[in-house]
Amino acid sequence: MSTVWHVLGAGSLGCLWATRLSRAAIPVRIILRTPQRLADYRAAGGLRLIEESQTSLYPITAELPTTAEPIQRLLVACKAYDAETAVASVAERLLPGAEILLLQNGLGSQQAVAARWPSSRCIFISSTEGGYRPADFQVVHAGHGENWLGDPLDQRPPTWLRDLATAGIPCDWTADIETRLWRKLAINCAINPLTVLYGCRNGELLAHREQLSQLCEELRRVLMACNQAEAAHALEDEVLRIVEATANNYSSMHQDVRSGRRTEISFLLGHACQSAQRQHVRADELNALLQRLQLFLMQHGLPPD
Ligand code: NAD
Ligand code: KPL
């Protein structure tokens, strides 16, 4: 019997992973936060995966955090600000040496989980796949991308990577997962907050080249101070390339704010500013951007963290 994948959180990425695992006949359970949510899930009849306008239903077994079954492999598919509390809700069920796979964007939440559950193997994932929820327990597979997996403490790839390949979940093992997470964080810090404050598409940031350039320079210095030279390499060029390549898109933070959803800024721009402070790097532009963004969020009734 192969190991059960427990998926904590049935949002966009949780659904995207659970449905593809289930389709490949890999045992999977989803863990829902409350009895009400479990009842809603049962009424929905399962998770729906929508790919190229085709909907498939997967009646995956769902359970509450308090279920007795032990957990060997836990995929944490919550937002960064929920991850630690979510893992705590099932911590008593984790077997010694359990694997915790962390799908969160940004940095900080993975380190908090790894520090609190040191006897588990924490695997960090940087995902460029795209999914969104048209309704509860449904996900549209909107963007094909890659999942980079790595463990900063142990370079050996897990044997179950082949399960993911079988399930059609694109994945690659990397020895430098922190470099990838830092690089993505820096790109997100340069682009996303400005798109929120200017209320614009990514491409419109080309009208603010000087500001982009200053932010990239500060981010580069923060990365260098954090021993992330590779993540810092040609950062501004990459940011400009992405701005042009995604010119017509709204950034994920812009979409979150416009839809009234809490952002993950503490784990993106907030993390960059904290790192700058810790490393005694001057980051006037980044700090000013964070303050303006926090004010904007409060004015729009959203949590500033
Ligand atoms: P989401 O908001 O769609 O889903 C998160 C789910 O976790 C929600 O259903 C929420 O109810 C659930 N949850 C929260 N706390 C819980 C708890 N204690 N117990 C059980 N469930 C709980 O989020 P998402 O878009 O899937 O994003 C997850 C992470 O992946 C984020 O860090 C995001 O930045 C990252 N990411 C998302 C995408 C994407 O396309 N959606 C792409 C790349 C990275
Ligand atoms: O990753 C992105 C996002 O929208 O979150 C982009 C815009 C590509 C870079 O910040």
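Once a new chain begins, its residue numbering starts again from 1 and follows that chain's sequence as written. Each chain gets a letter, beginning with A, and each ligand a number, beginning with 1, in the order they are written. The predicted nature of this model means local features are confined to residues of pLDDT at least 70 and side-chain atom pairs, given and counted, to a pLDDT of 80 or more, with totals for whole chains, interfaces and linings taken over all residues. Note: side-chain values were computed over all heavy atoms of the structure, leaving out hydrogens and water.

Caption draft 1: Seen up close, the site of ligand 2. Throughout, the term near means that a residue has one or more heavy atoms lying within 4 Å of the molecule or strand in question. Looking at ligand 2, the residues that line it are Ile-187, Asn-188, Ile-191, Asn-192, Asn-202, Ile-242, Ser-251 and Ser-252. Within the contact set of ligand 2, an oxygen atom lies 2.8 Å away from a side-chain nitrogen or oxygen of Asn-188. Take Ser-252: an N or O atom from its side chain is 2.5 Å from an oxygen atom of ligand 2. Per-residue accessibility takes into account occlusion by the displayed protein chains alone, with areas from the Shrake-Rupley method and a 1.4 Å probe. Relative to its free-state accessible area of 280 Å², ligand 2 is covered by the protein chains to the extent of 77%. Class assignment for the residues of the shell around ligand 2 results in three nonpolar, five polar and no charged. Each polar contact in these results corresponds to two N or O atoms within 3.5 Å; when the atoms are within protein, one needs to be able to donate a hydrogen and the other to accept it, and residues that are neighboring in sequence are counted only if both atoms are side-chain atoms. Asp, Glu, Lys and Arg are counted as charged, while Ala, Val, Leu, Ile, Met, Phe, Trp, Tyr, Cys and Pro are counted as nonpolar; the rest, among them Gly, fall into the polar class.

Caption draft 2: Region of interest: the sheet that holds strand E9 (residues 130-132). With mixed pairing, the four strands of this open sheet are ordered in space as E4-E3-E10-E9. The open sheet has two free edges, formed respectively by strand E4 (54-58) and E9, since each of these has just one partner strand. Averaged over all adjacent pairs, the angle separating strand axes in this sheet is 30 degrees, with direction ignored. Only when DSSP finds a minimum of two bridges between them are two strands counted as paired. Helix and strand labels come from DSSP, where a helix needs a run of H or I of at least four residues and a strand needs a run of E of at least two; each type is numbered from the N terminus. Of the strand pairs in this sheet, E9 and strand E10 (residues 138-143) are connected by three bridges, and their pairing is antiparallel. An axis is simply a line fitted to the C-alpha atoms; with a helix, the fit covers only the stretch in contact. Between two such axes, the angle follows the N-to-C directions and lies from 0 to 180 degrees.

Caption draft 3: Representation of the pairing of strand E6 (residues 71-76) within the structure. When accessible area is computed with a 1.4 Å probe and restricted to protein chains, residues below 20% of their type maximum are described as buried, those above 50% as exposed, and intermediate ones as partly exposed. With five of six residues buried, E6 is to be regarded as a mostly interior element. Sheet analysis places strand E1 (residues 5-8) next to E6, joined by four bridges and oriented parallel. Looking at E6, one finds that Trp-5 is bridged to Arg-73. One ladder, built from five bridges, connects E6 with strand E7 (residues 94-102); its direction is parallel. Bridge pairing in E7 links Val-76 to Leu-102. By convention, orient the strands away from the viewer: a clockwise path from the first strand over the helix to the second makes the crossover right-handed. Assessed by its sense of winding, the connection that carries the chain from E6 through helix H3 (residues 80-90) to E7 is right-handed.

Caption draft 4: Just helix H1 (residues 12-23), in detail. To estimate how far a helix should extend, the number of its residues minus one is multiplied by 1.5 Å. Along its 12 residues, H1 runs 17 Å from first to last C-alpha, staying within 8% of the 16 Å computed at 1.5 Å per residue. With nine of its 12 residues buried, H1 lies for the most part within the structure. For H1, the set of buried residues is Ser-12, Gly-14, Cys-15, Leu-16, Trp-17, Ala-18, Thr-19, Arg-20 and Leu-21. A positive phi of about 65 degrees marks Ala-25, the residue just after H1.

Caption draft 5: Inspection of the packing of helix H6 (residues 177-198) against helix H7 (residues 209-225) at higher detail. Where H6 meets H7, the closest approach of the two axes is 10 Å, and the angle between their N-to-C directions is 150 degrees. Of the possible angle classes, the one that applies to H6 and H7 is roughly antiparallel. Crossing handedness for the pair H6 and H7: right-handed. For the pair H6 and H7, the contacting residues are Trp-182, Ala-186, Cys-189, Ala-190, Leu-194 and Tyr-198 in the first and Gln-211, Leu-212, Leu-215, Cys-216, Leu-219 and Leu-223 in the second. Considering only residue class, the contact of H6 with H7 consists of 11 nonpolar, one polar and no charged. Here is the rule for angles: anything less than 35 degrees is roughly parallel, anything more than 145 is roughly antiparallel, 65 through 115 is roughly perpendicular, and the remaining ranges are oblique. Definitions for this section: a left-handed crossing has its near helix turned counterclockwise from the far helix by less than a right angle. A right-handed crossing has that turn clockwise. Should any heavy atoms of two residues lie within 4.5 Å, those residues are counted as being in contact.

Caption draft 6: Region of interest: the nonpolar core. Leu-74, Ile-100 and Val-239 are the most contacted members of the largest nonpolar core, which has 64 residues in total. Here this core gets 12 residues from one element, more than from any other, and that element is H6. When residues no more than four places from it in sequence are discounted, the contact partners of Ile-100 are Leu-74, Val-76, Val-87, Leu-94, Val-113, Trp-117, Ser-120, Arg-121, Cys-122 and Ile-123. Put simply, a nonpolar core is a bunch of buried Ala, Val, Leu, Ile, Met, Phe, Trp, Tyr and Cys residues held in one set by side-chain atoms that sit within 4.5 Å of each other. If you look at the next biggest cluster of nonpolar residues, it comprises 36 residues, including Val-7, Leu-21, Leu-75 and Leu-103.

Caption draft 7: Local environment of unusual backbone geometry. Positioned with a positive phi, Glu-52 is a non-glycine residue whose angle comes to about 45 degrees. Considering the arrangement of structural elements, one finds Glu-52 in the loop between strand E3 (47-51) and E4. The backbone of Asn-227 shows a phi angle near 60 degrees, a positive value even though the residue is not glycine. In this structure, Asn-227 sits in the loop between H7 and helix H8 (229-232). A relative accessible area of 70% places Asn-227 in the exposed class.

Caption draft 8: Layout of the site of ligand 1. Around ligand 1 there are 24 residues in total, and Ser-12, Leu-13, Asn-105, Gly-131 and Glu-264 lie nearest to it. Contacts to ligand 1 include Arg-33, whose side-chain N or O atom sits 3.3 Å from an oxygen atom. In the environment of ligand 1, an oxygen atom lies 3.4 Å from a nitrogen or oxygen atom belonging to the side chain of Arg-37. The fraction of the free accessible surface of ligand 1 (830 Å²) that becomes covered by protein chains is 86%. Broken down by secondary-structure element, the contributors of at least two residues to the shell around ligand 1 are H1, H3 and E9. The element that contributes the greatest number of residues to the shell around ligand 1 is H3, accounting for three residues. Residues belonging to the shell around ligand 1 are distributed by class as follows: nine nonpolar, eight polar and seven charged.

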